[in-house]
Amino acid sequence: KPAKGEEDATIRVETRRLDSVMNLVGELVLGRNRLIKIGGVLEQTHETDPQVRALSETLTQLNLVTTDLQLAVMKTRMLPIKKVMAKLPRMVRDLSSKLGKQVRLETHGEETELDKSVADEIGDPLVHLVRNAIDHGIEPVEARLAAGKPARGVVRLDSRYDSGGIIIQVSDDGGGLSRERILA
């Protein structure tokens, strides 16, 4: 049971409301940019006017607050990738059992956050990649043992931030792809 007061620590908000707030912040950013441009022109033509200096200081503050607001609104749309990965362990268990293979799913970077719209879009492709790794990458137990590998294969999901984006990597310790077979 959550500690007293913890149940009020989060609130559910419809995505369309967040989108609406995001659009309003976008309009605010456009207005801020226009004001900064006008303020810059006024500073050049009336640099000694104390009102122009006061306007400049106010615009600097507005710029900081608007940037912080924009970042805060964007963060409200972020979800940890573990929400997308949540259905994978059972799918791996069911599929490996159906195919008579032994497979362990390893996940790393579960706390990597991505925008909700991206999370909604990558769920199915991620499932498809993991299924392919089990179907076509991981060999049956006998083939693995004959190749000197452990009976249980590993499918690994790594997610991390890189250069302002997110990299999600799916890999397995299976036999790899046959170039000749693919070309044929």
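A short tour of the structure in this document, coming up. (Residues numbered from 1 in each chain as written. Predicted model: local features only at pLDDT ≥ 70, side-chain atom pairs only at ≥ 80, totals over all residues. Heavy atoms only, no water.)

Attention shifts here to the nonpolar core. Formed by 19 residues in total, the largest nonpolar core has its most connected members in Leu88, Met91, Val130, Ile134 and Val155. It is helix 5 (residues 116–137) that provides the largest number of residues to this core, a total of seven residues. (Core = buried A, V, L, I, M, F, W, Y, C linked by side-chain atoms within 4.5 Å. Buried < 20%, exposed > 50% of the residue type's maximum accessible area, 1.4 Å probe, protein only. Helix = DSSP H or I, 4+ residues; strand = E, 2+ residues; numbered from the N terminus.)

Spatially, three strands are ordered 2-4-5 in an open sheet, and the strand pairing comes out mixed. Lying at the two open borders of the sheet, with one neighbouring strand each, are strand 2 (102–108) and strand 5 (165–172). On average, adjacent strands in this sheet sit at an angle of 15 degrees to one another, irrespective of strand direction. Pairing between strand 4 (residues 152–162) and strand 5: eight bridges, direction antiparallel. Bridged to Tyr161 within strand 5 is Ile166. (Pairing = 2+ DSSP bridges. Axes fitted to C-alpha atoms, helices over the stretch in contact; angles between N-to-C directions.)

Time to look at unusual backbone geometry. Of note, Ser163 is a non-glycine position whose phi angle comes to about 50 degrees, a positive value. If you trace the backbone, Ser163 turns up in the loop between strand 4 and strand 5.

Direction vectors running N to C along helix 4 (residues 88–99) and helix 5 enclose 30 degrees, while the axes themselves pass 10 Å from each other. With respect to helix 5, the element helix 4 is oriented roughly parallel. The element helix 4 and its partner helix 5 pack so that their crossing is right-handed. When helix 4 is examined against helix 5, the residues Leu88, Met91, Val92, Leu95, Ser96 and Leu99 are found in contact with a partner set consisting of Leu126, Val127, Val130, Arg131, Ile134 and Asp135. (Parallel < 35°, antiparallel > 145°, perpendicular 65-115°, else oblique. Left-handed = near helix turned anticlockwise from the far one by under 90°. Contact = heavy atoms within 4.5 Å.)

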